[in-house]
Amino acid sequence: MKVLLHEMSWTEAKEYFAKNDIALLPVGSNEQHGPQNPLGTDHLIAKAIAEETAKRTGVLCLQVIPFGISPHHKQFWGTISISPKIFKQYMKEGCLSLNYYGVKKIVIVNGHGGNLNALSELARELREKKIFASIFQWWPAASKLLPDFFKPEERRHASAEETSVNLALYPNIVTMDKAADETVHESTLQSEGVTLPLDTADYTGSGVFGKSSTASIEKGKVVLEAIVSELVKHVNILKKAKIEDLMQKPKV
Ligand SMILES: [Zn+2]
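All values derive from a computational prediction rather than experimental measurement.

Thresholds, definitions, all that
Residues numbered from 1 in each chain as written. Predicted model: local features only at pLDDT ≥ 70, side-chain atom pairs only at ≥ 80, totals over all residues. Helix = DSSP H or I, 4+ residues; strand = E, 2+ residues; numbered from the N terminus. Buried ≥ 20, exposed ≤ 12 C-beta atoms within 10 Å, placed from the backbone. Contact = placed C-beta atoms within 7 Å. Pairing = 2+ DSSP bridges. Right-handed = clockwise from strand over helix to strand, strands pointing away. Core = buried A, V, L, I, M, F, W, Y, C linked by C-beta atoms within 7 Å.

Novice: Whenever I open this one, the environment of Val 165 confuses me. Can you help?
Specialist: Relative to the assigned elements, Val 165 resides in helix 7 (residues 160–169). We classify Val 165 as buried; it has 28 C-beta atoms within 10 Å. Residues Val 165 and Phe 17, spaced 148 residues apart in sequence, show a C-alpha to C-alpha distance of 32 Å. Other than its neighbours up to four places away in sequence, Val 165 contacts Ile 45, Gly 220, Val 223 and Leu 224.

Encoded structure:
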């Protein structure tokens, strides 16, 4: 049975939608991930875990949305950024298209933390329209496991943790001999509770936050399997959930 929307014909899609009200929608970004990782890292990881979950659960998976909200990476060449308003609207119209065919449950598999605020707003707006969208992100999903595998300096943007997952999925497009290790230049303006409008270029010259040279394909594979099992678990629970139970409660 096909599970990828872009591989189905419209008649096959019709058959799926006649029997199912759930779909997976991966999204990421196209932004710098240090000299060793591809620009597509965030959307390529989201695509891989969503597609693998689709195979294991029989739930339809859409094409990955490759561009996200990445203005903070713009000084690094090749980063493509979409404004939050347009991004949210684009995602919304994709979800509404699914809803036209009867989809009421959408699992958004987000590979880029910078998209989260817009996606959370979107999920609330969709619930108003009786569509229940959950957002899955791999790094919190594996949060119990990750500290056993990676030190704190290996766990930030483009460092060993993310590079390892990439290596496990796409070994041919990760260039480990270019892997950078860089101590993050913390801002003197930074105090507890303060959010600053700084860019990645304010913190690092290579684009890597911390250490990436210790990335390993073996660690990446273990982490990846843990992530996919979490997502499979979530999709199976949502699949069985009654739509009435997912909708907003009436006034008290
Ligand atoms: Zn990333």
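Novice: Would you explain the pairing of strand 1 (residues 22–27) in this entry?
Specialist: Looking along a regular strand, one sees side chains alternate from face to face of the sheet. Taking burial as the measure, the six residues of strand 1 include six buried ones, the bulk of the element. Side chains of strand 1 alternate between two faces, with Ile 22, Leu 24 and Pro 26 and Ala 23, Leu 25 and Val 27 buried alike. Where strand 1 meets strand 3 (residues 105–110), six bridges bridge the pair, whose relative direction is parallel. Directly across from Ile 22, in strand 3, lies its bridge partner Lys 105. Relative to strand 2 (residues 60–61), strand 1 runs parallel, the two being bridged by two bridges. Among the inter-strand pairings, Ala 23 is bridged to a residue of strand 2, identified as Leu 60. Each parallel crossover has a hand, and the one from strand 1 via helix 2 (residues 41–57) to strand 2 is right-handed.

Novice: Whenever I open this one, the nonpolar core confuses me. Can you help?
Specialist: Generally speaking, nonpolar side chains in soluble globular proteins are found buried as a group. With 58 residues, the main nonpolar core has Ala 23, Leu 24, Ile 49, Ile 106, Val 109 and Ile 227 as its most contacted residues. At seven residues, the largest contribution of residues to this core is made by helix 2. Apart from residues lying up to four places away in sequence, Ile 49 is in contact with Val 109, Trp 138, Ile 227, Val 228 and Leu 231.

Novice: Looking at this model, I keep getting lost on unusual backbone geometry. Mind explaining?
Specialist: Excluding glycine, residues mostly have negative phi values, and the peptide bonds linking residues are mostly trans. Although it is not a glycine, Lys 130 adopts a positive phi angle of roughly 65°. A count of 13 C-beta atoms within 10 Å places Lys 130 in the partly exposed class. Of note, Ala 158 is a non-glycine position whose phi angle comes to about 65°, a positive value. Along the chain, Ala 158 turns up in the loop between helix 6 (146–149) and helix 7.

This is a description of form; function is not addressed.
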